[in-house]
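The primary structure of each chain is shown beneath.
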Amino acid sequence: MTTTPPKPVDGGDELFGRLPQTDQATQDRLHARLAAAAQQAGILDVAYRTLDTPVGPLLLAATEHGLVRVAYASEDHDKVLDRLAETVSSRLLRAPARLDAAARQLEEYFTGRRSLFDLPLDLRLARGFRREVLSHLRDITYGTTASYAAVATAAGSPRAVRAVGTACATNPLPVIVPCHRVIRSDGAIGHYVGGAEAKKTLLTLEATP
Amino acid sequence: MLRVCRAVLGPTAAAEDAWSETFLSAMQAYPALRADSNVEAWLVTIAHRKALDQLRAEARRAIPTDNLPEQPTTDGLPGDGQSQLWNALHALPVKQRQTIAYHYLAGLPYTEVAQVLGGSPQAARRAAADGIATLRKTYLKGEDR
């Protein structure tokens, strides 16, 4: 629901070119009012906000059912929002209120005060085996790790090690669904959707008593 | 779209209400919108109706008086030209404000402006031209050009 600024039309510039775009404070105020009204009317399908964390700004998005997406800056937040508009709903607005609990719990997690997330999750962006893998990832407890092979076995397909890797790489809810706790059998840290550095940061945080 | 509402209603709370209601309605109706729709024209059509609602409400509230109250402004500093432009726009007949808003600010061609307003594209073009001519006289008057 965004509109591009209109292109100048035959000579109106002389008069209207000097009208600046609406000031930021007014835009923010009107946007917040619209988001609240849309939420009230039950037509805000996806609410989102960003949160600054030690692993960079995270995009958080939630449907009426729960947290649907967490994205690293490296995934390009604008692209992620475009994809959400296509796959979930275009009725998508920056509306922090719905993400208060998620933001608070993530802040607690990043300051070492929380080891388990207690949030409603909307797993609609993961299907089939990938979704199966995500449910098993949630069994890997804070401060521990598991190998891709072990997760494959837990998911009932011991040979699907590569598919587990794909499920982790496409995890729509990184950090919350702890794909960062899955490492290679030889102990190497392996790939991560937020980059190896972010994975190291999370594992170090969780290893700190 | 806020500038469009402001051009029709002035930089007022009514314009902000029209803007909010436009996007709420748009969000409500969006799932039924056809994929090949002209979203820009569709939004202007909704904004047009919401602005008309506000104009009607204003007319109901209005009490005849010899002295027109000054238009409240919510943006711009006094004397920077913005508020004067909004006020000069607001002094135009409604039809002229609408055609200017939908053509010059929303960027719709006159054929689409005519569909929003009813009437012919020629009439829309004429109303906009008359309005622009008045604005040049009232607003640009006295400026070095």
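Residues numbered from 1 in each chain as written. Chains lettered and ligands numbered in written order. Predicted model: local features only at pLDDT ≥ 70, side-chain atom pairs only at ≥ 80, totals over all residues. Heavy atoms only, no water.

Some words on the UniProt feature "active site" (unreviewed entry) in chain A
All names here are of chain A.
Turning to step 1, where the next piece is worked out: This chain's UniProt record puts "active site" (unreviewed entry) on Cys 179.
Turning to step 2, where the next piece is worked out: The topology assignment puts Cys 179 in the loop between helix H7 (161-169) and strand E6 (182-183).
Turning to step 3, where the next piece is worked out: With a relative accessible area of 2%, Cys 179 lands in the buried category.
Turning to step 4, where the next piece is worked out: With residues up to four places along the chain from it excluded, the contact list for Cys 179 reads Leu 137, Cys 168, Asn 171, Tyr 192 and Lys 199. (UniProt positions renumbered as here; feature names shortened; annotations may be inferred. Helix = DSSP H or I, 4+ residues; strand = E, 2+ residues; numbered from the N terminus. Buried < 20%, exposed > 50% of the residue type's maximum accessible area, 1.4 Å probe, protein only. Contact = heavy atoms within 4.5 Å.)

Quick notes on the nonpolar core
Turning to step 1, where the next piece is worked out: Ranked by size, the top nonpolar core spans 55 residues in total, and within it Phe 16 of chain A together with Met 1, Trp 19, Leu 89, Ile 100, Tyr 102 and Leu 135 of chain B carry the most contacts.
Turning to step 2, where the next piece is worked out: Among the elements that make up this core, the one with the highest residue count is helix H3 (residues 39-61) of chain B (eight residues).
Turning to step 3, where the next piece is worked out: In contact with Leu 89 of chain B, other than residues within four places in its own chain, are Phe 16 of chain A together with Ala 7, Arg 97, Ile 100 and Leu 135 of chain B.
Turning to step 4, where the next piece is worked out: Judged by nonpolar contacts, the second largest core, of 42 residues, contains Leu 58, Leu 134, Ala 167 and Val 182 of chain A. (Core = buried A, V, L, I, M, F, W, Y, C linked by side-chain atoms within 4.5 Å.)

Digging into the pairing of strand E2 (residues 56-62) of chain A
Residue and element names in this part refer to chain A.
Turning to step 1, where the next piece is worked out: Burial runs high along E2: five of the seven residues are buried.
Turning to step 2, where the next piece is worked out: Where strand E1 (residues 46-53) folds back on E2, the antiparallel hairpin that results is connected by two residues.
Turning to step 3, where the next piece is worked out: Pairing geometry for E2 and strand E3 (residues 67-71), over four bridges, is antiparallel. Within E3, the position partnered with Ala 61 by the bridge is Arg 69.
Turning to step 4, where the next piece is worked out: In this structure, the hairpin formed by E2 and E3 is closed by a connection of four residues, where Gly 66 is found at a positive phi of approximately 155°. (Pairing = 2+ DSSP bridges.)

What to know about the pattern of salt bridges
Two side chains bearing opposite charge may form a pair once their charged atoms approach each other closely.
Residue and element names in this part refer to chain A.
Turning to step 1, where the next piece is worked out: All told, the structure shown has 13 salt bridges over all chains when counted by the stated rule.
Turning to step 2, where the next piece is worked out: Where Glu 206 meets Arg 181, a salt bridge forms, and the shortest distance between an N and an O atom there is 2.8 Å. With Glu 206 in helix H8 (residues 196-207) and Arg 181 in the loop between H7 and E6, the pair connects residues that are 25 residues apart, well separated along the chain.
Turning to step 3, where the next piece is worked out: Residue classification places Arg 181 among the buried residues on the basis of a relative accessible area of 5%. (Salt bridge = Lys/Arg side-chain N within 4 Å of Asp/Glu carboxyl O.)

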